Amino acid sequence: MRKVFVLGLDGATFDLIGPWIDSGELPNLRRIADEGVRADLASLWPPLTPVAWPSFYMGKNPGKHGLYGYKVRQKGSYEELPVSAADRKGRTLFEHVGDQGGKVAVLSVPMTYPASPVNGVMVTCIFTPKLDDIWQTDCAYPPEFKEEMKRVIGTFKIHPDHQYRKGNIPDLLADYRETLKQRIDLCEHVIRTKEWDLAITVLNETDHIQHQVWHVHDPKHHDHDPEEFRKHGHVIKEFWKEVDRDVGRLAAALPPDATFMILSDHGHGPIYRWVHLNNMLAKKGLIRFKRGPLSLLKRAAFSLGFTPGNVYRLLLRLGVGGKKKGGGMEGGGGAGKLARRVFLSEDDIDWSRTRAYATGHMGQINVNLKGREPQGTVSKSEIPALRKEIEAALAEITDDGHPVIDRLVPREELFHGETLALASDFFVMTKDPSHQALGGASFISNRVVEKSYGNSATHRLNGIFLMKGPGVKRGVRIDPLRIQDLASHIMWRMGLKVPADFDGTISSGPYDDGLLDREPPQTLPLSEIKAGAGRERPLTDDEIAKMKENLKKLGYVD
Ligand SMILES: [Zn+2]
């Protein structure tokens, strides 16, 4: 079996690192590009970590694998809970490789908690719940591997704890370096000492640092500060140089005939404006509020500017509290239970009169559908008319006189497969990706469009792809590939059968002329695909609570 090693660089974009590769400042990535191929990699909508990585390692669109975001709507409720590997439908690339006799090493790959049996070893990802004793979690398979982890990395940090605030860049960087080192140490140990045919590790620190400090180097960002730029203007590049050294370290540890594939799950770019979709939906009467005295009072205060966002900014001006990593979702000042009691929030929504609402932070819109939502008001036949109403409302959103929204896309245009019903009904696309359409951070501001705060960058659709190895062209830039194609490429390069339910196609672009004809891919028929793992257990209440905490810390959800 031919060996394939995959390095995932979360959120990597050629928009940022392309020039550094070309200039030779990232020499190890440059070497892979020179000895192999490079291409843009198209992610899927919504370009979110827990959606994109599974699309990669299941070779499928979310319509089939069932993961659409950080949280999933609970049946018969408006509540959303963190997703885990238990929500994943179907078989993963690692399981397929094992089914066909290959050994795997799966390290820090998102949406693998709780660890599930593989033919090899698995260590779980940034979404592992940080229980008080981390070794009590299902963070490794086989469980005995935890002892080996302890010997190699000491303690398992899972993800960095620091969030950016002015003046703390050195501490933040030290924290990121520590988790990065853990991941690389563990990966190098595994690829040097274990038997494997497919090894994968994902580094998330590349994504974290870009989210947090993009504004430091971007003079167009309103949080950019020339003084901070003078001191730390190259912080992201310096971190990438460290990642590049690690790429060299891992490359040196690989057998010379292994294929080396590098990909990101999505790209990255600045956020300049937040677009609060629910404020527009409320303005147009699509969202209605309760008529009790408390809600009326909160609405009056809201219209006067008593919002979590304004209070947060006031605290910042007074020098109290740090800049939170927010992704826009946390409401800055901390939209927790207490905040919901004080400020206008989703608790004040009168669901019995509401027809559509936004959620998440990638433009997701749900219809308050009869028979699905607990207090649904819209019947299926009314959806086309409602869509027109929502589109008309969105068309009124402007920034500096210019329309902000490109279009409203129904889920059927984005996904196909048996889990389509789990997706939000519509997705709002902004004309400019630096306008981030928010739903989840309901009513943190009383404006529809405002300057962003918290995270200064977020995800884009264009990720990166680099590959070198036997049969791969050398020094060539090829046409973009799609993230859901790569699992098919990997199975084919390993000499294994490609499962018939994968969405991916294998293009000849990366390979020597005629290779695809000489070695045509073999298909694993549907009848031979084992039933989806179905072994993953649901999360415990303690795990759910810790995961919610982590997601908040990571800046993903409120
Ligand atoms: Zn990501």
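Residues numbered from 1 in each chain as written. Predicted model: local features only at pLDDT ≥ 70, side-chain atom pairs only at ≥ 80, totals over all residues.

A.B. asks: So what exactly am I meant to see when it comes to the overall build of the chain here?
C.D. replies: Looking only at helices and strands, the chain has 19 helices and 25 strands in total. Computed over its C-alpha atoms, the radius of gyration of the chain comes to 23 Å, within 12% of the 24 Å expected for a compact globule of 558 residues. A principal-axis box enclosing the C-alpha atoms of the chain has dimensions of 70 × 55 × 45 Å. Split into buried and exposed, the 558 residues of the chain put 52% on the buried side. (Helix = DSSP H or I, 4+ residues; strand = E, 2+ residues; numbered from the N terminus. Rg over C-alpha atoms; globule rule 2.2 N^0.38 Å. Buried ≥ 20, exposed ≤ 12 C-beta atoms within 10 Å, placed from the backbone.)

A.B. asks: Is there a simple way to think about the domain arrangement of the chain in this case?
C.D. replies: Quite often, the size of an interface is put as the accessible area lost when its parts meet. Domain annotation for the chain reports domain 1 (4-270 + 460-553) and domain 2 (273-454). A straight line from the C-alpha centre of domain 1 to that of domain 2 covers 30 Å. At the interface, 26 residues of domain 1 touch 24 residues of domain 2. Secondary structure elements with two or more residues in the side of domain 1 that touches domain 2: helix 4 (62-65), helix 8 (205-217) and strand 10 (267-270). Considering every element that reaches the side of domain 1 that touches domain 2, the biggest residue donor is helix 4, with three residues. (Domains from an automatic or database assignment. Contact = placed C-beta atoms within 7 Å.)

A.B. asks: How do you make sense of unusual backbone geometry when you look at a structure like this?
C.D. replies: Glycine aside, residues mostly have negative phi, and peptide bonds are mostly found in the trans state. Of note, the amide linkage connecting Trp45 to Pro46 takes the cis form, showing an omega dihedral of -10°. As for its placement among the helices and strands, Pro46 is situated in the loop between strand 2 (37-42) and helix 3 (49-58). The backbone of Met111 sits at a positive phi, close to 70°, despite the residue not being glycine. Within the element layout of this structure, Met111 appears in the loop between strand 5 (104-107) and strand 6 (120-123). Look at Asp400: it is not a glycine, yet its phi comes out positive at around 55°.

A.B. asks: What's the story with the environment of Lys298 in this structure? I'm lost.
C.D. replies: Take Lys298: it is sitting in helix 12 (residues 293-303). The residues touching Lys298, leaving out its near neighbours within four places in the chain, are Phe343, Leu344 and Asp348.

A.B. asks: Even after reading the chapter, I still don't get the sheet that holds strand 13 (residues 364-367), so can you show me in this structure?
C.D. replies: Sheets are built from strands paired through backbone hydrogen bonds, the pairs being either parallel or antiparallel. Overall, antiparallel pairing links the four strands, which are arranged 12-13-17-16 in an open sheet. Whereas interior strands pair on both sides, the edge strands pair on one side only; in this sheet they are strand 12 (356-359) and strand 16 (405-410). Looking at each pair of strands side by side, their axes are set apart by 30° on average, direction ignored. Two elements, strand 12 and strand 13, share four bridges in a ladder whose sense is antiparallel. Along strand 13, the bridge assignment pairs Thr359 with Gln364. Packed on one face of the sheet, helix 15 (residues 383-395) meets strand 12, strand 13, strand 16 and strand 17 (426-430) and runs near 160° to strand 16. (Pairing = 2+ DSSP bridges. Axes fitted to C-alpha atoms, helices over the stretch in contact; angles between N-to-C directions.)

A.B. asks: Just to check I follow, could you spell out the sheet that holds strand 19 (residues 449-451) for this structure?
C.D. replies: Across the sheet, three strands lie side by side as 18-11-19; this open sheet has mixed pairing. Of all the strands in the sheet, the pair left with one neighbour each is strand 18 (435-438) and strand 19. Between one strand axis and the next, the sheet turns by 30° as a mean value, whatever way the strands run. Taken together, the three bridges between strand 11 (residues 273-276) and strand 19 define a ladder with antiparallel strand orientation.

A.B. asks: Just checking my understanding: could you explain the pairing of strand 8 (residues 198-203) for this structure?
C.D. replies: With six of six residues buried, strand 8 lies mostly within the body of the structure. Of the two faces of strand 8, the one lined by Leu198, Ile200 and Val202 and the one lined by Ala199, Thr201 and Leu203 are each fully buried. Pairing analysis gives six bridges linking strand 1 (residues 4-9) to strand 8, with the strands arranged parallel. Paired with Leu9 across the two strands is Leu203, which belongs to strand 8.

A.B. asks: I'm lost on the nonpolar core in this one. Help?
C.D. replies: One broad trend across soluble globular proteins is that nonpolar side chains are buried collectively. Core analysis: the largest hydrophobic core is formed by 141 residues, its most contacted members being Ala105, Val106, Leu107, Leu198, Leu277, Leu281 and Ala487. No other element matches helix 7 (residues 169-193), which puts nine residues into this core. Each of domain 1 (4-270 + 460-553) and domain 2 (273-454) contributes no fewer than three residues to this core. With residues up to four places along the chain from it excluded, the contact list for Leu107 reads Val123, Leu186, Cys187, Val190, Ile200 and Thr201. Phe302, Phe343, Leu344 and Ile444 belong to the second-largest nonpolar core, a separate cluster that totals five residues. (Core = buried A, V, L, I, M, F, W, Y, C linked by C-beta atoms within 7 Å.)

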